[in-house]
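Notes for the structure review
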Amino acid sequence: MFNYVIDEELMLKPLMPEHARHMFTLVEHSRDRLRQWLPWVDAVTEQAHTLDFIKNAIKQSTENGAFTAGLWVRGELAGVIGYHQIDWHNRSVGIGYWLGEGFEGKGYMTSACRVLVDYALLEMELQRVEIRCATGNVSSRAIPERLGFVLEGVIRQAEKLPDGYVNHAVYGLLRSEWQLLG
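A quick note: this is a predicted structure, and the numbers were derived from the prediction, not measured.

Observations regarding the state of the cysteines
- Scanning all chains against the criterion turns up zero disulfides.
- Among the cysteines around Cys 113, which has no disulfide bond, Cys 133 carries the closest sulfur, lying 8.7 Å off.
- With a relative accessible area of 3%, Cys 133 lands in the buried category.

Some details on the packing of helix α1 (residues 20-34) against helix α2 (residues 47-64)
- Where α1 contacts α2, the axes come no closer than 8 Å and their chain directions differ by 120°. It follows that α1 is oblique to α2 by the angle criterion. With respect to the hand of their crossing, α1 and α2 are arranged in right-handed fashion. Contact residues: Ala 20, Arg 21, Met 23 and Phe 24 in α1; Gln 47, Thr 50, Leu 51, Phe 53 and Ile 54 in α2.

Considerations on the sheet that holds strand β5 (residues 92-99)
- The strand order across the open sheet formed by eight strands is β1-β2-β3-β4-β5-β6-β8-β7, and the pairing between neighbours is mixed. Of all strands in the sheet, those with a lone pairing partner are β1 (4-5) and β7 (150-161), marking the two edges.
- Note that β5 and strand β6 (residues 128-134) share three bridges and pair parallel. Within β6, the position partnered with Ser 92 by the bridge is Arg 128.

Considering the side chain of Thr 68
- On the secondary structure map, Thr 68 appears in strand β3 (residues 68-73).
- Judged by its relative accessible area of 13%, Thr 68 falls in the buried class.

Thresholds applied
- Sequence positions are assigned chain by chain, starting from 1 and proceeding in written order.
- Confidence filtering applies because this is a predicted model: local features only for residues at pLDDT of at least 70, side-chain atom pairs given and counted only at 80 or more, and all residues used for totals across whole chains, interfaces and linings.
- The basis for every side-chain value is the complete set of non-hydrogen atoms in the structure, without hydrogens or water.
- The criterion for a disulfide is a pair of cysteine sulfur atoms lying within 2.5 Å.
- For every residue, the accessible area obtained with a 1.4 Å probe (protein chains only) is divided by the maximum for its type, and the residue is called buried under 20%, exposed over 50%, and partly exposed between those limits.
- To get an axis, fit a line to the C-alpha atoms, keeping to the stretch in contact for a helix; angles then go from 0 to 180 degrees between the N-to-C directions.
- Runs of H or I in DSSP of at least four residues are treated as helices and runs of E of at least two as strands, each being numbered from the N terminus.
- Here the angle decides the label: under 35 degrees means roughly parallel, over 145 means roughly antiparallel, 65 to 115 means roughly perpendicular, and every other value means oblique.
- By the definition used in this description, the sense in which the near helix is turned from the far one sets the handedness, with an anticlockwise turn below a right angle giving left-handed and a clockwise turn giving right-handed.
- For this analysis, residues touch if any pair of their heavy atoms sits within 4.5 Å.
- In this scheme, strands are said to pair when DSSP sees at least two bridges between them.

This is the structure we're talking about:
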């Protein structure tokens, strides 16, 4: 993936090893909020952990075509978004994302998701995009809902977080539906 300018404030850049410090700092400043919804946050205790994540994301990109990008707001890393492993046989992919504290509620992640959905369904010609969110994570769930995804169901106790298990809302969007929305 290349750098993609969304608008005058927002840019997507593939995560590279030199972004590890920025990502670690963002996790550190957002730790209390992020740990409510993301199981990996407590395990990220030093910059080397974010570097390992980035290296793994780059490896996955070369092996599968999936990618992970930083969402930059006016030159500052605001969050991370990417495709989970692409299922090329079934032509589907999941999108995962998180935003650092202070960047939520401004439409940044909705704009970034729109770009990834467009690219997956129209450029890569995948058939389906899926987003899963904890049912209690209202902010995260608002993104697929704003973009016209269909709530397909709930997976009970889908993920173990520090405070216990959470259910996941599963949202899906098909290429034919996206074309109609566009």
